Amino acid sequence: MKMFHRKKSKKSTTSSKKGIKLIADTDSKNIVSEQFRTILTNINFSAVNHELKTILITSSQANEGKSTVSANLAVAWAKQGRKVLFIDADLRQPTIQSAFGLHDSRHGLSTILASDASFDLVVHQSPINNLAIITNGPIPPNPAALLGSRRMEKLLAYFRNHYDLLVLDVPPVLTVADTRVISPKVDGVVLVVRQGQAQKVAVKKSVELLQIAKANLLGYVLNDVVPKNRS
Ligand SMILES: Nc1ncnc2c1ncn2[C@@H]1O[C@H](COP(=O)(O)OP(=O)(O)O)[C@@H](O)[C@H]1O
Ligand SMILES: [Mg+2]
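Residues numbered from 1 in each chain as written. Chains lettered and ligands numbered in written order. Predicted model: local features only at pLDDT ≥ 70, side-chain atom pairs only at ≥ 80, totals over all residues. Heavy atoms only, no water.

**Quick word on the overall build of the chain**
Each helix and strand counted, the chain has 8 helices and 8 strands in total. Each of the 231 residues in the chain was classed as buried or not, and the buried ones make up 53%. Intrachain contacts of the chain at a sequence separation of at least 6 include 79% that bridge at least 24 residues. Surface summary for the chain: the accessible area is close to 11,100 Å², and the carbon and sulfur share equals 51%. (Helix = DSSP H or I, 4+ residues; strand = E, 2+ residues; numbered from the N terminus. Buried < 20%, exposed > 50% of the residue type's maximum accessible area, 1.4 Å probe, protein only. Contact = heavy atoms within 4.5 Å. Areas by Shrake-Rupley, 256 points an atom, 1.4 Å probe, with all protein chains shown as cover.)

**What about the nonpolar core?**
By size, the foremost hydrophobic cluster in this structure holds 35 residues, and its most contacted members are I87, L109, M152, L155, L168 and L191. Setting aside its immediate chain neighbours within four residues, L168 contacts I55, L56, I57, I87, A89, M152, L156, I182 and V186. Residues I23, V32, V84 and V221 belong to the second largest nonpolar core, which totals 34 residues. (Core = buried A, V, L, I, M, F, W, Y, C linked by side-chain atoms within 4.5 Å.)

**Some words on the site of ligand 1**
Near ligand 1, the surroundings consist of 15 residues, among which N63, K66, S67, T68 and N223 are the closest. A distance of 2.6 Å is found between an oxygen atom of ligand 1 and a side-chain nitrogen or oxygen belonging to K66. Contact distances for ligand 1 include 2.8 Å between a nitrogen atom and a side-chain N or O atom of N223. Here ligand 1 has 560 Å² of accessible area as a free molecule, and 81% of this is covered by the chains. When residues of the shell around ligand 1 are assigned to their parent elements, the largest contribution, 3 residues, is made by helix α2 (residues 66-79). Its residues placed into classes, the shell around ligand 1 shows 2 nonpolar, 6 polar and 7 charged. (Near = heavy atom within 4 Å. Polar contact = N/O pair within 3.5 Å; in protein donor to acceptor, adjacent residues only side chain to side chain. Nonpolar A, V, L, I, M, F, W, Y, C, P; charged D, E, K, R; others polar.)

**A closer look at the packing of aromatic side chains**
Taken as a whole and assessed by the stated rule, the structure comprises 5 aromatic pairs. Residues Y158 and F159 carry aromatic rings whose centres are separated by 5.0 Å and whose planes lie at 80° to one another, so their mutual orientation is edge-to-face. Sitting over the face of the ring of Y163, K83 holds its NZ or CZ atom 4.8 Å from the ring centroid. (Phe/Tyr/Trp six-rings, centres within 6.5 Å; stacked < 30°, edge-to-face > 60°. Lys NZ or Arg CZ within 6 Å of the ring centre and 35° of its normal.)

**Examining unusual backbone geometry**
If you check the backbone angles, K214 has positive phi at about 65° while not being a glycine. Despite not being glycine, D224 has its phi angle at roughly 65°, a positive value. Position of D224 relative to the elements: it lies in the segment after β8 (217-223). A residue is classified by how much of its surface remains accessible, and D224, at 16% relative accessible area, is buried.

**Here we look at the pairing of β8**
Here is the key point about a regular strand: its side chains alternate between the two faces of the sheet. Counting buried residues along β8, 6 of its 7 residues qualify, which places the element largely inside the surrounding structure. In terms of strand pairing, strand β7 (residues 188-194) meets β8 through 6 bridges, oriented parallel. Residue pairing in the sheet places V193 in a bridge with L222 of β8. (Pairing = 2+ DSSP bridges.)

**A few points about α2**
In this model α2 runs 20 Å from its N-terminal to its C-terminal C-alpha over 14 residues, within 8% of the 20 Å that 1.5 Å per residue would give. Summarising burial for α2: 13 of the 14 residues are buried, a large majority. (Expected span 1.5 Å × (residues − 1).)

**Here's the deal with the confidence of the model for the chain**
Looking at the chain as a whole, its pLDDT mean stands at 85, while 84% of the residues score no less than 70. Across residues 1-17, where pLDDT falls below 50, the model places 55 contacts with residues more than four positions away in sequence or in other chains. (pLDDT = per-residue confidence, 0-100.)

**Brief notes about the side chain of E64**
Here E64 lies in the loop between β2 (54-59) and α2. Buried charge E64 goes without a salt bridge, the closest partner of opposite sign being K66 at 6.7 Å. Here the side chain of E64 touches R194 through a polar contact of 2.9 Å, landing on its backbone nitrogen. Once residues within four sequence positions are removed from consideration, E64 is found in contact with S59, V192, V193, R194, Q197, A198 and N223. (Lys, Arg positive; Asp, Glu negative; His and termini not counted. Salt bridge = Lys/Arg side-chain N within 4 Å of Asp/Glu carboxyl O.)

Written as structure tokens, this is what we have:
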């Protein structure tokens, strides 16, 4: 399996009041922005033989940086001029709507999956050019069933025709079934591994589960890496 290993430093130039931090769209020379661009290049590179339009970002456990990495990758791709749809498919832990200043939690992925309304009704324009967002919506009783549904497949098929890239934020692999259910429905999966937090055995188990689920594992993003040559 081919991997890419890229580190992402702690520095960030903008932040939401709490929760995840977004890179500034004004400061493209920022070191963190640069590192996200490197990740994009690696993902683009690994896609040479395979159309990669739907990309899911996950991790073994909570708090490893899935939402941070997925939202920032979406921002970085949008800033490159791609038409991006970010889908918050972590139906259990809403984070994205506040990061992008969207506060309508009544409508979102959970409501559109549970109804037969037009998919377009839940798409928000973000403050960033080229970046549209589907928030998670109210926490449903059955997230894994919704994400594994035929309707979710239809939603992905519908939006892949309207956007260059779909980026999905999802729950951790080990704690709930959601990610295992949805990962075979996307083109590629990236595993975020947070240094000092993720345990080898957990990462190994996650990779096994993703392979059993027939996910196309593109590689890893090592998050929160402290460079050894700097003090
Ligand atoms: N590289 C990093 N440096 C500092 N804080 C980080 C880093 N990555 C994530 N965080 C913070 O850690 C917390 C968990 O990150 P988050 O992206 O929400 O994880 P997850 O979605 O995997 O649960 C957030 O408060 C986020 O801002
Ligand atoms: Mg998250």
